[in-house]
Amino acid sequence: MAAASLGLFVLFLAAWQWGPPAMGIPAFIIPPADQVWHEFVRMLGRDQLMYHTSITALQVLLGFVFGMLLGMVVGFVLGMSASAEFVLSPYILALQIAPKVAFAPLFVIWFGYTMTPKILVAVLIVFFPVMINVLGAVRAIDPDIVRLARAFTANRFQLFWKIEFPAALPPFFAGLRIAATLAVIGVVVGELVGGNTGLGYLLSFGEGAGNTAMVFVTIILLTLIGIVLYGAIVLIERRVLHFMPARARAAG
Amino acid sequence: MNALSADVTARTRLEFRDVTKRFASKRGSGITAVQGLNISIRDGEVVSIIGPSGCGKSTLLNMASGLDPASEGDVFVDGVRVERPNAHVAFMLQKDLLLPWRTIRHNVEFGLEILGRPARERRGIAMDLLAKCRLRGFEDHYPHQLSGGMRQRAALARTLAVDPSVLLMDEPFSALDAQTKMVLQQDLGRTLAETGKTALFVTHDLVEAIALSHRVLVMSQRPGTIIEEIVVDIPDISNPMARRTHPHVGPYVARLMELLHIDEADA
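Treat the numbers as computed from the prediction; the structure is a model and nothing was measured.

### As for the overall build of chain A
Along its length, chain A carries 11 helices and zero strands. Along chain A, from the amino end to the carboxyl end, the secondary structure elements read α-α-α-α-α-α-α-α-α-α-α. Its C-alpha atoms put chain A at 75 × 50 × 30 Å along the principal axes. Out of the 252 residues in chain A, the part that is buried amounts to 46%. Taking the intrachain contacts of chain A between residues at least 6 apart in sequence as the baseline, contacts between residues at least 24 apart amount to 75%.

### Thoughts on the domain arrangement of chain B
How large an interface is tends to be reported as the accessible area lost when its parts come together. Residue and element names in this part refer to chain B. By domain assignment, chain B separates into domain 1 (3-88 + 167-259) and domain 2 (97-163). Placing a centre on the C-alpha atoms of domain 1 and another on those of domain 2 gives a separation of 25 Å. Between domain 1 and domain 2, the contact holds 15 residues from the first and 12 residues from the second. Both sides together, the interface formed by domain 1 and domain 2 hides about 1100 Å², and carbon and sulfur atoms give 66% of it. When residues of domain 1 are sorted by the area they lose upon contact with domain 2, Ala-87, Thr-191 and Lys-197 head the list and together hold 33% of the total.

### Side note on the environment of Ile25(A)
All names here are of chain A. Positionally, Ile-25 belongs in the loop between helix H1 (2-22) and helix H2 (33-46). Taking the C-alpha atoms as reference, Ile-25 lies 59 Å from Asp-142; in sequence the two are 117 residues apart. Apart from residues lying up to four places away in sequence, Ile-25 is in contact with Pro-20 and Ile-30.

### Thoughts on helix H7 (residues 143-151) of chain A
Where H7(A) is concerned, the buried positions are Asp144(A), Ile145(A), Leu148(A), Ala149(A) and Ala151(A). In a view along the axis of H7(A), the buried residues occupy a sector of 165 degrees, so they form one face of it. Those residues of H7(A) that are buried are in contact with helix H8 (156-193) of chain A together with strand S6 (89-92), helix H4 (110-114) and helix H6 (148-161) of chain B.

### Thoughts on a nonpolar patch on the surface
On the surface, Leu61(A), Val65(A), Phe66(A) and Leu69(A) cluster together into a nonpolar patch covering about 340 Å² of accessible area. With respect to the helices and strands, the residue Val65(A) is situated in helix H3 (residues 49-80).

### Observations regarding the pattern of salt bridges
With the rule as written, the count across this model stands at 34 salt bridges over all chains. Put simply, Arg177(A) and Glu237(A) hold a salt bridge, and the shortest N to O gap is 2.9 Å. Of the two residues, Arg177(A) is situated in helix H8 and Glu237(A) in helix H10 (residues 212-240); the sequence distance between them amounts to 60 residues. Residue Arg177(A) is classed as buried on the basis of its relative accessible area, which comes to 16%. In this structure, a network of salt bridges that share partners links the residues Arg134(B), Arg153(B), Asp187(B), Arg190(B) and Glu194(B).

### Observations regarding the confidence of the model for chain B
Residues and elements named next belong to chain B. Overall, the predicted model of chain B reaches an average pLDDT of 87, with 94% of residues at or above 70. Looking over chain B, one finds the lowest element-wise mean pLDDT in helix H1 (residues 3-6), namely 45, and the highest in helix H3 (residues 104-108), namely 94. Ignoring residues within four places in sequence, the model shows residues 1-8, a span with pLDDT below 50, making 13 contacts including any to other chains.

### Section: the interface of chain B and chain A
If you look at the interface, chain B gives 24 residues, while chain A gives 20 residues. For the pair chain B and chain A, the summed buried area comes to about 2100 Å², and 68% of that belongs to carbon and sulfur atoms. Inspection of the region where chain B meets chain A yields three salt bridges. Asp144(A) is paired through a salt bridge with Lys95(B); the nearest N and O atoms lie 2.8 Å apart. Run the count over chain B and chain A and you get six residue pairs in polar contact (both at pLDDT 80 or more). Elements represented by at least two residues in the side of chain B that touches chain A include exactly S6 and H4 of chain B. With four residues, H4(B) is the single largest residue contributor to the side of chain B that touches chain A. Across the side of chain B that touches chain A, the residue classes tally to 16 nonpolar, four polar and four charged.

### Quick look at the sheet that holds strand S4 (residues 72-77) of chain B
All names here are of chain B. Overall, antiparallel pairing links the four strands, which are arranged S2-S1-S4-S5 in an open sheet. Single-partner strands in this sheet number two, and they are strand S2 (31-42) and strand S5 (80-81). Summarising the sheet, S4 and S5 pair through two bridges and their orientation is antiparallel. Following the sheet pairing, Phe-76 is matched in S5 by Arg-81.

### Observations regarding the packing of H1(A) against H2(A)
All names here are of chain A. Packing of H1 against H2 brings their axes to within 7 Å, and their N-to-C directions diverge by 95 degrees. Classified by the angle their axes make, H1 and H2 are roughly perpendicular. The residues of H2 that touch H1, namely those facing Leu-13, Trp-16 and Gln-17, are Ala-33, Asp-34 and Val-36. When the residues that make up the contact of H1 with H2 are grouped by side-chain class, the tally is four nonpolar, one polar and one charged.

Calculation notes
- Residues numbered from 1 in each chain as written.
- Chains lettered and ligands numbered in written order.
- Predicted model: local features only at pLDDT ≥ 70, side-chain atom pairs only at ≥ 80, totals over all residues.
- Heavy atoms only, no water.
- Helix = DSSP H or I, 4+ residues; strand = E, 2+ residues; numbered from the N terminus.
- Buried < 20%, exposed > 50% of the residue type's maximum accessible area, 1.4 Å probe, protein only.
- Contact = heavy atoms within 4.5 Å.
- Domains from an automatic or database assignment.
- Buried area = accessible area lost by both parts, 1.4 Å probe.
- Arc of directions from axis to C-beta.
- Patch = residues over 30% accessible without salt bridge, like charges linked within 9 Å, V, L, I, M, F, W, Y side chains within 5 Å.
- Areas by Shrake-Rupley, 256 points an atom, 1.4 Å probe, with all protein chains shown as cover.
- Salt bridge = Lys/Arg side-chain N within 4 Å of Asp/Glu carboxyl O.
- pLDDT = per-residue confidence, 0-100.
- Polar contact = N/O pair within 3.5 Å; in protein donor to acceptor, adjacent residues only side chain to side chain.
- Nonpolar A, V, L, I, M, F, W, Y, C, P; charged D, E, K, R; others polar.
- Pairing = 2+ DSSP bridges.
- Axes fitted to C-alpha atoms, helices over the stretch in contact; angles between N-to-C directions.
- Parallel < 35°, antiparallel > 145°, perpendicular 65-115°, else oblique.

Okay, structure coming up:
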């Protein structure tokens, strides 16, 4: 298996390197692998690539964490209070349907060329999958389990801490996995719209300069940030949800 | 007559005094679930309630557990009026309701945890009960790793862990296959006899009711009320398996079928 995936990867690199020239596609449309590699090394030295990458990664992380906390809190509150959900659901639905990245210019107007607008777009975009999953999980708890806990004289806090919170964890992590990939989108759009730092900035700079290899390098690094975040979530999930049957966990 | 009914001085554990329960309905008239109930269960007695679907048997247990107040009349446990959930009663349902994120031992400790007992004490009680319920060696397993019968035994251990005065059981074995069910009835009969617990047992299974209990109460259609009390005159309450095959079982079942109009019911 490992040998097969390594072989496929080598094949992919070879196709990237020699495929486009063989088909007569010029390097400014699809730069071959070695040119992208050289551009990567050049950017490391000349364009403070590590600095921009870490700025983007930091914004993704902060946006992800704040969005996750907000989604969790709102999800639990709405899940526990049917009246709160009834009153707030039209607004939440509207906000959910609104394309979150469209808020990026607005946040740039409000907060200028700082980290704040990028983090805010990520928060907004991460918030929904987390909130919806937590809300759904709290709603799906078997009422008989709640009755059992109450018959054992559980108070409201015990009900939350011993039943609702652990019951919501598996869907919560499923929401985090979706959110991990979305967080990167939120930050990049924020950086594309306004700023002079981050990979999104390098992306639009590369576009303006007609430097396709630079755009390629940036896209690859953005993808890597997403993969690292996703991988971290999966690792934590495995630790936390160790009680789940292995198959159910893989499917979730 | 059985030994218990002769002992008139035995303490009353659970008592329903003129209890009526009405639910509000959408048309506003309200539904009377149970009406004018008078039930008295003595210490160490196992009493079954049998009746047609929707006759309010589960409502009865909810009132006894304090989850749902009576509309009229009072429910007493150990002479104290039940107003809210309390540690003197514990219930067990058809579903095991084990928490999937807890090991079997921690599931058994659940009620004790809510009551704020120290960890060492909880552990001791749980291990002891797991051994009694034949689950030794499974304390660190998760519920999904156990069979339905084992899970229901764990649920029984969880119910016994809080050492309630009265056990309320709502068709606890109805989701199990016939053989597992008999094994669990045997476990329950033995455990109840050993611990001397008082139990109110709701079931649809006529033979189960007879095999497990000292008395069987028969409820009518809604509004539910007790229409007959049958004292089960079969020895050896701790051995439901043997009681099943006792010659008296047939006549008791026949009487219950007659009371419940089972021959006339639409299947």
